Amino acid sequence: MKKDLLNNKIFQMAVSQFDRTADFLELDQSVRERCKWPKRLITVTVPIQRDNGETEVFFGYRVQHHLSRGPVKGGLRFHPGVTLGEVAALAMWMNWKCALMDLPFGGGKGGITCDPRTLSAHETENLTRRFAMEILPFIGPETDVMAPDMGTNEQTMAWITDVYSTHAGHFVPGIVTGKPVELQGSEGRTQATGHGVAFLITRAFDKLNIKEQNATAIIQGFGNVGSHAAFTLSRYGVSITGISDITGAIWNEQGININELTKHVHQTGGVKDFPGAEFIDPDEMLLQPCDALVPAALERVINDKNAAQLQCRVLAEAANGPTTPLADAILESRDDIFLIPDVLCNAGGVTVSYLEWVQNIQRYQWSEQEILTKLETKLEAAFEKVIHFAERSQTSHRVAALSLGIEEVATAKSVRGLFP
Ligand code: GLU
């Protein structure tokens, strides 16, 4: 299994970041091994009947990285590229993210290898419900709490709540987060990740003396995270000059109108052919000068081929794992780019997920304003912690953020001791 996992490029990346940080922290060998490997790797087959009457079997995964500090927490992804190795890497990153944010969770992640764009609504519902059935013995509000991720949304979470609650014989809202508000989902959860990304960019601008009104941003990805980051940034006065998604990339030196673009995306399914902007090559877009570059889509998009050519002041990693270790080495040798590493940058989502879980357990409801204030307070504290750690230890923001997360988990494991 170790070998299989290590054959996956994304898992290798997560391990190489972990090893580097563990060396930096001089982690004790026993704790180091226990922190590195996932506790549970669950693979299930998910058979459903397609609309044409044929039966198709999909592969689904859930990786629970460690349960030493609480239930595992993390998203469920529907994407054709999902593999066990990718899910394991994402679960490992969720670990450090939750620990860095001081949330009482371990890291988890799940996924089904499928193309949600080719599934009908009925097929998607059946796939989700059957997956929930298959992993029912391994999940629960005290064990594993899922949330939306790429290709899934609050409706997906509503179906999982329904399956779990039906089997429990009573309503269990704490089984997932990112649910519809009607099912005791939290106000502010949908926009939380994008809002957090935009908020942290303004913190970085503050450090660099960049004024929002004079600033520009380029965003790769216009899904839930990218679109809400774009909205919030433009509300702060930042001009969004470039945006890309799976259909292509668009450019407007004067700033793209995000409200108009959103309407266009709802009508056509993508940013392509938006009348208020010109076409640009998606790879070229990443290399244009800007104050903030926001990769908000897939892994490994900032790599050794483009890292040296980036012209941004702030690199805000809204996606998980967008920067390869080789690119990291290049970015570290340049002191002109302020990195907001993924485990910090996109932590807004899981932070509001935590607040949702707390509300569910307490049967309580906070307002959107209360949620966003709590979110910003937590993000600001983690941001300052990372910056101070990096300055004090003369290390990169990535190593600083991972060190803070890994240390927390390592301490919990060593205090609990090795059983039996
Ligand atoms: N999928 C999101 C992430 O990668 C959120 C996870 C959650 O809210 O549990 O951070």
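Scroll up to find the structure.
Keep in mind that what you see is a predicted model, and the values were worked out from it rather than measured. (Residues numbered from 1 in each chain as written. Predicted model: local features only at pLDDT ≥ 70, side-chain atom pairs only at ≥ 80, totals over all residues. Heavy atoms only, no water.)

Help me understand the site of the ligand in this model?
Surrounding the ligand, one finds 14 residues, the nearest of these being Lys73, Lys97, Lys109, Asp149 and Ser353. In the model, an oxygen atom of the ligand is placed 2.8 Å from a nitrogen or oxygen of the Lys73 side chain. Look at the ligand: alone it shows 290 Å² of surface, and the protein chains cover 95% of it. Among the secondary structure elements, those contributing two or more residues to the shell around the ligand are β3 (72-79), α4 (84-100), β5 (144-148) and α13 (348-362). (Near = heavy atom within 4 Å. Polar contact = N/O pair within 3.5 Å; in protein donor to acceptor, adjacent residues only side chain to side chain. Areas by Shrake-Rupley, 256 points an atom, 1.4 Å probe, with all protein chains shown as cover. Helix = DSSP H or I, 4+ residues; strand = E, 2+ residues; numbered from the N terminus.)

What is the right way to look at the packing of aromatic side chains in this model?
Here the distance between the centres and the angle between the planes together describe a pair of aromatic rings. Under the definition given, this model contains 7 aromatic pairs. With centroids separated by 5.0 Å and ring planes inclined at 65°, the aromatic side chains of Phe105 and Trp357 adopt a geometry described as edge-to-face. Taken as a pair, Phe105 in the loop between α4 and β4 (106-113) and Trp357 in helix α13 lie far apart in primary sequence, 252 residues in all. Each member of the pair, Phe105 together with Trp357, is buried. Aromatic rings pair up to connect Phe105, Tyr354 and Trp357 into one cluster. Looking at Lys374, its charged tip hangs above the ring of Trp366, at a distance of 4.5 Å from the centre. (Phe/Tyr/Trp six-rings, centres within 6.5 Å; stacked < 30°, edge-to-face > 60°. Buried < 20%, exposed > 50% of the residue type's maximum accessible area, 1.4 Å probe, protein only. Lys NZ or Arg CZ within 6 Å of the ring centre and 35° of its normal.)

When you look at the packing of α13 against helix α14 (residues 368-393) in this model, what are you seeing that I'm missing?
When two helices pack together, you describe them by how their axes are tilted relative to each other and by the distance separating the axes. The contact between α13 and α14 brings their axes to 10 Å, and the two run at 130°. Taken together, α13 and α14 sit at an angle that is classed as oblique. As α13 runs across α14, the sense of the crossing is right-handed. Contacts between α13 and α14 involve Gly348, Thr351, Val352, Leu355 and Gln359 from the former and Ile371, Lys374, Leu375, Lys378 and Leu379 from the latter. By residue class, the composition of the contact of α13 with α14 is 5 nonpolar, 3 polar and 2 charged. (Axes fitted to C-alpha atoms, helices over the stretch in contact; angles between N-to-C directions. Parallel < 35°, antiparallel > 145°, perpendicular 65-115°, else oblique. Left-handed = near helix turned anticlockwise from the far one by under 90°. Contact = heavy atoms within 4.5 Å. Nonpolar A, V, L, I, M, F, W, Y, C, P; charged D, E, K, R; others polar.)

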